[in-house]
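What follows is the residue order along each chain.
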Amino acid sequence: MIEPSITRDSADGHFLQIKNIVKTYDDVVAVNDVSLDIAKGDIFALLGASGSGKSTLLRMLAGFETPNSGQIILDGEDIVSLAPYRRPINMMFQSYALFPHMTVEQNIAYGLKQDRMPKSLIADKVVQMLRLVHMEKFAKRKPDQLSGGQRQRVALARSLAKSPKLLLLDEPMGALDKKLRNRMQLEVVDILESVGVTCVMVTHDQEEAMTMANRIAIMEEGRIVQAGTPRDIYEAPNSLQAAEFIGSMNLFRGEICVDAQDHAVIDSEECANKLYVSYGVTTAIEDKKVVFAVRPEKTLISREQPESEYNWCRGTVHDIAYLGGHSVYHIRLENGKILNSFMVNSDRFADAPTWEEQVYVYWSDDSGLVLRP
Amino acid sequence: MNKLIERLKLSTEHGKKWVIAVPTLWLVLFFALPFLIVLKIAFAEAEIAIPPYTALLSMADQAFDLHVYFGNFIFLTEDDLYLTAYLNSLEMAAISTFFCLLIGYPMAYFIARAKPSTQSILLLLILLPSWTSFLIRIYAWIGILKSNGVLNNVLMWTGVINEPLAILNTNIAVYIGIVYAYLPFMVLPLYSNLVKHDYSLIEASQDLGARRLQSFWHITFPLSRNGIVAGSMLVFIPVVGEYVIPELLGGTNSIVIGKVLWQEFFNNRDWPLASALALIMLLILMVPIHFFRKHQEKEWESDK
């Protein structure tokens, strides 16, 4: 990793260790040598596009798929060879998979019955779970008499009823509409934290991953691109792939021309001025080609020419997307390159730059990142 | 513009009527009318004439005579033969349905779980035999089951038995024939129910600690109830009135309602009694038919 010094939650032990997992279907490699360490109490998100192997990995944790090689160690025990019904793991399915012929109560009690828990204990536990997800009033309803959000609560209660060591969430918000999604994200996290269960979730929605998880792994083509806290991944992506996957980036291709202990300077044909990064980049002489990246919200716009020697260029406003809370400016540089800049609309009717106006785009010395192409 | 819409609406209204008219006409001609004729004959007296029963309405002495005769129904209760025949038929239908379910359920289950390309081949194999004549297929079973038939020859040749088994002309042969002939009626509705099942429910069940067999009994089986009811009714209802299979494969002692009907109608030429027999059979069958319809409605609703 190039970027130093961003703190990370200290992992207390290795509760769930995924070691060198490989899964192939015929000649397609779905999961390619993935290793992850997940701490107790973590809410860990596997983030990736469809086909990235994230769901396959989740299904291997649940026991529905068997890896070709590798180990999955949960709380000191290798569970790869355990059948799904023997694993101390429960899953909330994307479609919830509630049993349509059973009431809410019976759905929640199903797992406990399989364990042959005494009836009175089951009843207590069901009431406790219903209370946890605020569904006491709906105990006697069938799943088709519930709304999407209510079904999700039942599904969550069912998967938590057996107090699993590990909870798996498969696209937990996938079946909900946008508004409900935002509410349920926070509510589900509250519930998970109150129970204190370790959780691995799969999602393709970066906002969802960042809202819900305290650790994220980005998957692409069966590999982990980067794992870390949401902040790590956003502010210190370790590769172009990771940087482009989360949020957007303004990128400049160039070569390192100054390589000092505490800073580096990059010469790029795509920017009129040199680019400065405020940390040292160790680089070999033959490996000078890099990509300089800066986030749009750190890319600022001004009508006056910045005084700095570095990190600015001139352009015209090409397009403005007014989104209410902020606006996205598309600035066309003289060489035709388009940069994005987010401007917070803190004044109601500010005198902001408008279409075809000439502006300067700049950013502070510690905003930029150096990535390998 | 509005007028045009009005006219279009009117024409679609007419169109709907026409679309319904064809099946309605069909039902009136080939179901309602024959049924009314049977109803009429059931309340007539047998006589040696052409047709061999008394008229319902007759004109004599400048008066309409309405002749409604209940004797046939009373006669049905007086002779044990008919009660035995009804009960035998119901028993035969129930046992056949049970065996069809026992054999058909696993078949439907594995077809529904097979790859989509394999599924269509397997379904074709289920349907293929019904492309040949029903009668020929039943005659073929005579060739298989008779004492010097294929089955006995193979069993004796392999040394499993020393003497030929007497299967033909027994109830066992009738059951074999019925289960064979009606199996597709069980498999197809079950298949169309099972193929719609969401596999994630089974995974959820396993995830919650149930093994495969438990998952089947707790999840798949209850969810396929509508398919079971549909298949069972499609077997049970026609088997109650089945005539050909007991006649060809069964012995003389297998008294079922279909055979009794035939004897009354053709051997005794007692059309009124035969009609009364048929009416009672219909009344008995109303119960499962009603049951079937209610379930069918539920199935459609759950599809929505």
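Identification of chain B as ABC-type spermidine/putrescine transport system, permease component I from Marinomonas fungiae is taken from an unreviewed UniProt entry. Within the UniProt record for chain B, the comment given under Subcellular location (unreviewed entry) is "Cell membrane".

As annotated in an unreviewed UniProt entry, chain A carries the name Spermidine/putrescine import ATP-binding protein PotA and comes from Marinomonas fungiae. According to the UniProt record, the Catalytic activity (unreviewed entry) comment for chain A reads "ATP + H2O + polyamine-[polyamine-binding protein]Side 1 = ADP + phosphate + polyamineSide 2 + [polyamine-binding protein]Side 1." If you open the UniProt record of chain A and go to Sequence similarities (unreviewed entry), you find "Belongs to the ABC transporter superfamily. Spermidine/putrescine importer (TC 3.A.1.11.1) family."

## Thoughts on the overall build of chain A
Of regular secondary structure, chain A possesses 8 helices and 20 strands. Dimensions along the principal axes, computed over C-alpha positions, put chain A at roughly 75 × 50 × 40 Å. Buried residues in chain A amount to 40% of all 373 residues. Contacts in chain A between residues at least 24 apart in sequence constitute 65% of all its contacts with a sequence separation of at least 6.

## Side note on the packing of helix 3 (residues 80-113) of chain B against helix 7 (residues 171-194) of chain B
Residues and elements named next belong to chain B. Axis separation between helix 3 and helix 7 bottoms out at 7 Å; the angle between their running directions is 45°. By the angle between their axes, helix 3 is oblique relative to helix 7. When the axes of helix 3 and helix 7 are compared, the crossing they make is right-handed. For the contact of helix 3 with helix 7, a count of residues per class yields 23 nonpolar, 2 polar and no charged.

## A short note on the UniProt feature "domain: ABC transmembrane type-1" (unreviewed entry) in chain B
Feature annotation in UniProt places "domain: ABC transmembrane type-1" (unreviewed entry) on residues 86-292 of chain B, given in this structure's numbering. Structurally, residues 86-292 of chain B comprises 77% helix and 0% strand, and the distance from its first C-alpha atom to its last is 20 Å.

## Observations concerning the domain arrangement of chain A
Residues and elements named next belong to chain A. We note that the domain assignment places domain 1 (16-243) and domain 2 (248-371) within chain A. Distance from the C-alpha centre of domain 1 to the C-alpha centre of domain 2: 39 Å. Every contact between the two is made by 4 residues of domain 1 and, on the other side, 4 residues of domain 2. Of the residues in the side of domain 1 that touches domain 2, the class split is 3 nonpolar, 1 polar and no charged.

## Details of the pairing of strand 19 (residues 358-362) of chain A
All names here are of chain A. Taken together, the 3 bridges between strand 15 (residues 300-302) and strand 19 define a ladder with antiparallel strand orientation. Across the sheet, residue I301 finds its bridge partner in strand 19, namely V361. The pairing of strand 16 (residues 312-322) with strand 19 spans 5 bridges and is antiparallel. Looking across to strand 19, one finds that W312 is bridged to Y362.

How each quantity is defined
- Per-chain numbering applies: the sequence of each chain, read as written, is numbered from 1 onward.
- In the order they appear in the text, chains get letters beginning with A and ligands get numbers beginning with 1.
- In keeping with the predicted nature of the model, local features appear solely for residues at pLDDT of at least 70, side-chain atom pairs appear and are counted solely at 80 or more, and the whole-chain, interface and lining totals rest on all residues.
- UniProt positions are given in the numbering used here, feature names are shortened, and annotations may be inferred rather than shown by experiment.
- Every helix listed is a DSSP run of H or I at least four residues long, and every strand listed is a run of E at least two residues long, numbered separately from the N terminus.
- Burial is judged by counting the other C-beta atoms within 10 Å of a residue's own C-beta: 20 or more makes it buried, 12 or fewer makes it exposed, and any count in between marks it as partly exposed, with every C-beta position built from the backbone.
- It is the C-beta atoms, placed from the backbone, that decide contacts: two residues are in contact if theirs lie within 7 Å.
- Axis lines are fitted through C-alpha atoms, for helices just across the contact stretch, and the angle between N-to-C directions can take any value from 0 to 180 degrees.
- By definition in this entry, angles of less than 35 degrees are roughly parallel, angles greater than 145 are roughly antiparallel, angles of 65 to 115 are roughly perpendicular, and the rest are oblique.
- Each crossing gets its hand from how the near helix is turned against the far one by less than a right angle, where anticlockwise is left-handed and clockwise is right-handed.
- All amino acids are sorted into three groups, where Ala, Val, Leu, Ile, Met, Phe, Trp, Tyr, Cys and Pro are nonpolar, Asp, Glu, Lys and Arg are charged, and the leftover types, Gly among them, are polar.
- For every domain, the bounds stem from an assignment made automatically or drawn from a database.
- Any two strands with at least two DSSP-identified bridges between them are counted as paired.

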